[in-house]
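# Close look at the chain arrangement
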Amino acid sequence: MATHFTPSQAHAASHKAAHHHSASAAAAVTATATARLHASAPPASASAAAAALCPPHLLAAASPASSSSAACPPAHNPIFVGPGAPWVQQPQRAAAAAAALGPEFRRTRTTRTISKRTRGGGGSAGAQDRGRVSSAAAGRCVNKLLRVGPEDRRALGAALSSFRGELVAPEDYYQVLRELGDRDKSAYRAFEVFYAALPLVGGGAVEKGKLLTATIGALGKMGRPDLARRAFDTGIAGGYGNTVFAHSALISAYARSGLATEAMGVLELMKGAGLRPTTVSYNAVIDACGKGGVDLTFTLGYFRQMLHDGLCPDRKTFNSLLAACSRAGHLEDARAVFDEMIHLGSGRDIYTYNTFVDAICKCGNMELAMQVVLDMEANNVNPNVVTYSTLMDGFSKLEKYDEALKLRGKMKSLGIQLDRVCYNTLLAIYVKTGKYDEIATACEEMESLGIEKDTVTYNSLINGYGKQGRLDMVAFLVQDMRAQGVAPSVLTYSTLIDIYSKAGMHGDAFNVYLDFKESGLKADVVLFSSFIDTLAKNGLVECALSLLDEMMRMGIKPNVVTYNTIIDAFGKSKILTEEDPEIGDMGIVGVYCGQIVRSANPATRGGRSAIDVRMRGSQELFFILELFQKMVQQGVRPNVVTFSAILNACSRCNSFEDAALLLEQLRLFDNFVYGVAYGLLMGHQEVWSQARSLFNQLGRMDSPTSSAFYNALTDVLWHFGQRQGAQQVVLEGVNRRVWENTWSEFCLDLHLMSCGAAQAMVHAWLLNVRSIVFEGRAMPEFLSILTGWGKHSKIAGSSTLRRVIEALLLSIGAPFQVERFNIGRFVSPSAVVAAWLRESGTINILLLRNERVQHANLSNLVPRLQALQL
DNA sequence: ATAGGGTTAG
């Protein structure tokens, strides 16, 4: 049985698979939703109806309220005064100004109209006269503040003082904070305003509380929930923070960063403080749960709780719930929420539609997505820039770039202006399709529109130019990013490490890694996995392993990708010698590796005799067997890529026994795949029916995944002398179109094949040419074999395949020559090849045979395993 | 208080 060998196991479960799945899923969704609609009578009340919406098993689930222990706030709540916070302790300075404020200025006034303003855009259309004056003052104040260095307290204070005459009501300061939240990147200014305005807004706890809420909101928008928390604690300590508003704002701040646990903790905190959470509080918690990837059942528990508290869910509740469903991948539930919202008294708005469209796009069902967009137009909800960028991204994920770009034209005709996110979506498409001219144009457009690049923009561009090998542009972008004050993210570092590693610039890559460690950003698996991968691929296996150590020490669990990467590195370690030119370029990595070599692998230090190398080989074997155990222990499930990696590792073994030892690990994971690989390796003909069934399963996977497996399997067969078996596997692959464009009668394209597969293929292809010759069919003037020349290789400067094929052609005496201006292409006049093929000895050279494998059984493995104490 | 964008293995 093939427990792990299913398409869903492949990480690249891939576009095609996802697409098919979603099409049927969507049909099912529509069906259930319709059934639901017809089955349910009009609800008596919104709450009752909402309760009905929840399936009973969800409503019966444990209430999140019962788990308050998990939701407690962090233990350390430093009061927001102290040596670590230089921007505090200055409120006295502005105290006099507060006294000067006449009572006529202390009125409450709605700030609603301006609260929805988004970054850099739009005015407050419906504001009253007085509102517009102060809103303009607040805006000018913010402009002035933004021109001051964020940490220059004196200048910030001066800037604020200069507006003292214009910013008169508390609301003016709330507004300054809101605008800072929208436009500022640094949290310092918001703090400064908070402390400066505290004495200005009057002595009342109400005003201070509002100021606090605005500050928490602003910090939340800046992605600084930690600082929002500190402000909140200050408010609590000052006696004006214990409000529903401050708590809700803090929950929302956590929600923005997807910190669900913290958000839930604050909800419990407010209950404990005797405050009754409002719909706003619950909405924010549900939002946090959705973003934080909390289990949907648990999230729905909050929904149930708010009904239980007698609160009426509103449109935003449902929108957040909808987002939670779609994030969890529960399209059916999303559809249910979407369908029933109307009946529950809250109609659908642009957020509802956009969220739903996104959920559908994420499943790859673009037809349905476009249909929903038509539906929204029919319901007088006009698609906006968000709708279009969602759709563009949807097409892009399916690699339908033309469709995506068409939408841009549509936006133009509708007069919808692209915003930053939309430009980022567009740039990502240009990067993927390699349209560098368009990238430049789009950047110029952004600039002329005053749209600033953000972290996502830079990451995209750095990745794009890195892929193109434009390291000059990469360096410029990094510099520009710093100059513009755009903070790098973990992704920025991963991308840079990847670029430099793939370029063979290990010293630079390592410096980026050091920078990253200094940045204080939270490390993630991807950063480590990709770094480990490139190091290993370039022969620096020991560095890779020590990095694995380091990541585990940091508490980051390796995932399948990490494990696959390391398995794949087995046997690739480069023997470093003093003459090796690359070692000189390694700089810090060399030193770094020196440490590892000492601690983990003394055999490789000093002279590198054959014995050392052998020892290292067996140490590697030992290590990798240990690794498999770790993988099982950590509950990481292997996938097809793991199998390919194991097979590749087998190909790099010096002895069949070592390979068998590795293959044995495969058996632990999947007996069926093991059986096929083992049978083919032993030359058992009867295994072929199973092999074909395995190939059929591979056919359901995406092309890179399956071709990698064919490559790995062929390689191991070739490596251990099962040449005819290897050729049979390759031909199966060709028949199933595993390699694109590989086989044409007069031009053989090998660039997607492994060395073993390619060699087996050359034999098969030449045999076919031979039969054409003997049939007397016409041929073109030249025959050619393409190998590529390593341009797309992940190993810097490598073109192994080219060299292997060159050697093969030489050894069999095939009269092909390297083309003068394309070293990846071998050509020969057809007449010359034909003459060679007609020679009597040629056929025997071309026919492949299985070398009899002597190592007949694996029972002699047992003592070896025991010796290794595994 | 709610919507869209940028990375890893073969």
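Residues numbered from 1 in each chain as written. Chains lettered and ligands numbered in written order. Predicted model: local features only at pLDDT ≥ 70, side-chain atom pairs only at ≥ 80, totals over all residues. Heavy atoms only, no water.

### Focus: the nonpolar core
Filter applied, for reference: As used in this record, nonpolar core signifies buried Ala, Val, Leu, Ile, Met, Phe, Trp, Tyr and Cys residues forming a set joined through side-chain atoms within 4.5 Å. Buried means the residue's accessible area, taken with a 1.4 Å probe over protein chains only, is under 20% of the maximum for its type, while exposed means over 50%, and partly exposed covers the values in between. Every helix listed is a DSSP run of H or I at least four residues long, and every strand listed is a run of E at least two residues long, numbered separately from the N terminus. Only heavy atoms enter the contact rule, under which two residues are in contact if any of them lie within 4.5 Å.
Of all hydrophobic cores here, the largest spans 237 residues; its most connected members are I216, L662, L713, L750 and F816. Counting residues per element, this core draws most heavily on helix α40 (residues 755-775), at 10 residues. With residues up to four places along the chain from it excluded, the contact list for L713 reads L647, A677, L680, F695 and V729.

### Some points on unusual backbone geometry
A positive phi is found at N380, a non-glycine position, where the angle reads about 60 degrees. For N380, a relative accessible area of 69% puts it in the exposed group. With a phi angle near 55 degrees, R737 is a residue other than glycine that sits in the positive phi range. Structurally, the position occupied by R737 is in the loop between α39 (723-735) and β1 (743-744).

### Re the pattern of salt bridges
What counts here: By definition here, a salt bridge exists when the distance from a side-chain nitrogen of Lys or Arg to a carboxyl oxygen of Asp or Glu is within 4 Å.
Under the criterion given, the structure shown has 29 salt bridges. R348 is the salt-bridge partner of D339, the closest N and O atoms lying 3.8 Å from each other. Take R348: its relative accessible area is 18%, and that puts it in the buried class. A salt bridge links R825 to E819, with the nearest nitrogen and oxygen atoms 3.4 Å apart. Here the residues in one salt-bridge network are R335, D339, R348 and D375, joined through shared partners.

### Topic: helix α11 (residues 225-238)
For the α-helix, the turn length of 3.6 residues means that residues three or four positions removed from each other point alike. The condition that has to hold: One less than the residue count of a helix, multiplied by 1.5 Å, gives the span that helix is expected to have.
Counted at 1.5 Å a residue, the expected span for α11 with its 14 residues is 20 Å, and the 20 Å between its end C-alpha atoms agrees. All buried positions along α11 are accounted for by P225, L227, A228, R229, A231, F232, D233, T234 and G235. Lining the buried residues of α11 we find α9 (188-197), α10 (205-221), α12 (244-256) and α13 (260-272). Just downstream of α11, G239 is the residue with a positive phi angle, here 85 degrees.

### Concerning α40
In this model, α40 (21 residues) spans 30 Å end to end at C-alpha, consistent with the 30 Å of a helix rising 1.5 Å per residue. G776, located one to two residues past α40, shows a positive phi value of around 75 degrees.

### What about the packing of helix α21 (residues 401-414) against helix α22 (residues 420-433)?
Any two packed helices are characterised by how steeply their axes cross, that is the angle between the axes, and by the distance between the axes. The criterion, for reference: Only the stretch in contact is used when a helix axis is fitted, and all axes are lines through C-alpha atoms; the angle between N-to-C directions ranges over 0 to 180 degrees. Two helices that cross are described as forming a left-handed crossing if the nearer one is turned anticlockwise from the farther one by less than a right angle, and a right-handed crossing if clockwise.
Between α21 and α22, whose axes approach to 11 Å, the crossing angle comes to 145 degrees. Helix-helix and strand crossings are classified by hand; for α21 and α22 the assignment is left-handed. Contacts from Y401, A404, L405, R408 and M411 of α21 reach α22 at C422, Y423, L426, I429, Y430, K432 and T433.

### A closer look at the sheet that holds strand β5 (residues 822-829)
Strand pairing in a sheet is mediated by backbone hydrogen bonds. Such pairs are either parallel or antiparallel. Formally: Only strands that DSSP links by at least two bridges are regarded as paired with each other.
Spatial strand order, β1-β2-β3-β5-β4: five strands in an open sheet with mixed pairing. Where the open sheet ends on each side, the last strands, each with one partner, are β1 and β4 (817-819). Bridging between strand β2 (residues 747-749) and strand β3 (residues 782-786) involves three bridges; their strand directions are parallel. By the bridge assignment for β3, C747 is matched with S784. Seen against the sheet, helix α41 (residues 800-812) touches β3, β4 and β5 and runs at an angle of roughly 25 degrees to β5.

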